[in-house]
Amino acid sequence: MSDTPFGFGLPPEEPEGGDGKKKDPAGGGQGAGGQGGNPFGFGGPGGADNPFAAMFGSMNPNDLGAAFQQLGQMLSYEGGPVNWDMAKQIARQTVAQGTADGTKDESVGPAERAAVQEAVRLADLWLDDATSLPSGSTTAVAWSRAEWVEATQPAWKELVDPVAERVGAAMGGVLPEEMQAMAGPLIGMMRSMGGAMFGQQIGQAVGTLAGEVVGSTDIGLPLGPAGKAALLPLNIAAFGKDLGVPQDEVRLYLALREAAHQRLFAHVPWLRSHLFGAVEGYARGITVDTAKLEDAVGQLDVSNPEQLQEALQQGLFQPEDTPQQKAALARLETALALVEGWVDAVVHAAAKPRLTSADALRETLRRRRATGGPAEQTFATLIGLELRPRRLRDASRLWASLTDARGVDGRDDLWEHPDMLPTASDLDDPDGFVHREHLDFSELDKMLGEAAEQNSPSLKKDKADEGEKKADGESASGKDAGDDTDNTDNSKGEADQ
C-alpha cells in the first residue's frame, strides 16, 4: 500500500488476468514507455508505439471484448472525483481473493448472528455501570467482509471525496489557460482516468481493511449506519486464534468496544461532524508545488500523453503540507485519540471485574494499534493522517484520572461541548487538566442569552411599548389624584360655608 495519499505512484499489482496468470512484471521497462513511468498501466513490450500491449497482450482473445468495455467505462466516467463503482467492485474482488493466511470470506450463519446479538446485549448491560451515556445501539448485526464493504461505503465517500476533489481541482487548475485549451480532451480523459485511479487505490485499501477489522468503529470513526453495532465473526475468530483466550470472551470484549463507540457517537451529536469536518479542513489546505510545476510544464509536450503521465508519476501534483493542513490534522488526531482513549478507559472499567482476560485483551489491542495496524495504515494512505499510538495511551490515562477525580458523570459531562474537551497540551499534562477547575458553560449560556435578548429588535420594541404604557399609566394616575384633591378642597369649602 502506498504511503502517499491516493497513491500518486505506481499502482498496486494487478489481479490475475483473464487467462488466470499473473501479468508479467518484466513486460515493461521503467522508462516513459513502460509501467514504471506510467501510473495508469499503459505501456509494455511495444513501448510508446503500442501503449495497450501491457494491458491486453497477455489476455485470451475471448476476453478482449470485456477488457475494452471496461476501458470504455473508465474513459467515459463523468461522476465525482472518485469512481466509486470501480472502488466497490475492486473491494469486493479483493475480499473474494481472501486474506494472506488463506481465509476466504463466508456468509454469517444464524448461530453466529445470535452470538453477536447476545454479546452486544451483555456488553450494553455492563457498560451501564461504567458510563453515564445510555445505550446507542438500536440493533446488533453480524457482517461478512463483503457486507462490511457495502455498509461502510457511504462513510468512505464522505471521508475521501473532499480530499480527492481538492487534489483533482489542483491538478487541473495549475496549468496555464493556453495549455488547458490545447489539451482540453486530454485533461478530460486524465480526469476520468484519475477517478479510476482513485477508485482502484481506495477499493484495494478498503478491501484489504475488510479482511482485518472486527467491527464498524475500528478506526475511531463511525463507518457504519447510526445505531447499528456490528461485528465480523470471521475476523474475530482470526483475531483471537493464537491468544489463548476463550472465543466467547474475545467476542464479548470486542462487543464492549463496539457498544462503547456507539454510545459516544449517538449521544454526542457534534462529534461526528467535528471529526469529518477536520478531514474537510485538511482537504481545503491541499496545494500544488507550482514552482515545480512551472519547471516541468516548460518541458511538456501536451500532444504526448505518456510524457504527461510520466510527470504525474514523478510526483508533479503531490499535495504539500500547509499550516492549515497541519492544524486540521492535529485537531483530528487529538479528537480521535480522545475518542479511543475514552473507549479504552470505559471498556477496561466494565471488563476488568468480570473478565479474567481483560488485561491481556486490552494490551493486545494496544499493541496492534502501536505496530501500525491496518486501520491506521489505510487511514494514512487515504487522507495522510498517521494516528500516534502514544496519544491513545495518554488519553486513556487522562480519562481514568478524570473518573477518579470527578466520577463517571463528571468525566462524561466533558463531551457536552467541544471546548470542554482536553487539548493536545492537556494530554502532555493530564494531572494539570484533571485538577483544574472545569468551566461551567451553563453560566456562559445564561450570559449569552441575556445579551441576545438585550440586542433583539423585537424585545427592544416590546420594552419601549411597555415603557410607554407605564408612563401613560403614571400620567393617568397623577390626573386622577389631582381630581381627587380638587374634589377634597371643594368639599372642604362647602363644609366651611
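Reference entry: report on the structure contained in this document.

Here is what the cut-offs are and how they apply
Residues numbered from 1 in each chain as written. Predicted model: local features only at pLDDT ≥ 70, side-chain atom pairs only at ≥ 80, totals over all residues. Heavy atoms only, no water. 1 Å grid on protein atoms, 1.4 Å probe; cavity = no way out; pocket = protein on both sides within 12 Å on 5 of 7 lines; lining within 4 Å. Points joined across faces, edges and corners; volume = space filled by probe spheres on them. Helix = DSSP H or I, 4+ residues; strand = E, 2+ residues; numbered from the N terminus. Nonpolar A, V, L, I, M, F, W, Y, C, P; charged D, E, K, R; others polar. Contact = heavy atoms within 4.5 Å. Phe/Tyr/Trp six-rings, centres within 6.5 Å; stacked < 30°, edge-to-face > 60°. Buried < 20%, exposed > 50% of the residue type's maximum accessible area, 1.4 Å probe, protein only. Axes fitted to C-alpha atoms, helices over the stretch in contact; angles between N-to-C directions. Parallel < 35°, antiparallel > 145°, perpendicular 65-115°, else oblique. Left-handed = near helix turned anticlockwise from the far one by under 90°.

Description of empty space enclosed by the protein
With a probe scaled to a water molecule rolled over the atoms, the places where space remains empty come into view.
Right, on to step 1. Counting across every chain of the model gives seven cavities of 30 Å³ or more.
Right, on to step 2. Here the second largest cavity defines a volume of roughly 70 Å³.
Right, on to step 3. Lining the second largest cavity are W84, A87, K88, A91, V149, Q153, W156, I202, G203 and V206.
Right, on to step 4. The element best represented in the lining of the second largest cavity is helix α3 (residues 84–97), accounting for four residues.
Right, on to step 5. Its residues placed into classes, the lining of the second largest cavity shows seven nonpolar, two polar and one charged.

Looking at the side chain of Q262
Right, on to step 1. Looking at the secondary structure, you find Q262 in helix α9 (residues 247–267).
Right, on to step 2. With sequence-adjacent residues up to four places away left out, Q262 is seen in contact with G136, S137, S216, T217, G227, K228 and A229.

With respect to the packing of aromatic side chains
Right, on to step 1. Evaluation of the coordinates by the stated rule reveals four aromatic pairs.
Right, on to step 2. Considering the side-chain rings of W148 and W156, the 6.5 Å spacing of their centres and the 65 degrees angle between planes classify their relative orientation as edge-to-face. The burial state of W148 is the same as that of W156; both residues are buried.
Right, on to step 3. With centroids separated by 5.3 Å and ring planes inclined at 15 degrees, the aromatic side chains of W399 and W415 adopt a geometry described as stacked.

Observations regarding the packing of α9 against helix α14 (residues 358–370)
Right, on to step 1. Where α9 meets α14, the closest approach of the two axes is 11 Å, and the angle between their N-to-C directions is 60 degrees. By the angle class used here, α9 and α14 are oblique. For the pair α9 and α14, the crossing hand works out as right-handed. The residues of α14 that touch α9, namely those facing E249, V250, Y253, L254 and R257, are A358, L361, R362 and L365.

Function cannot be read off these values alone, since they describe shape.
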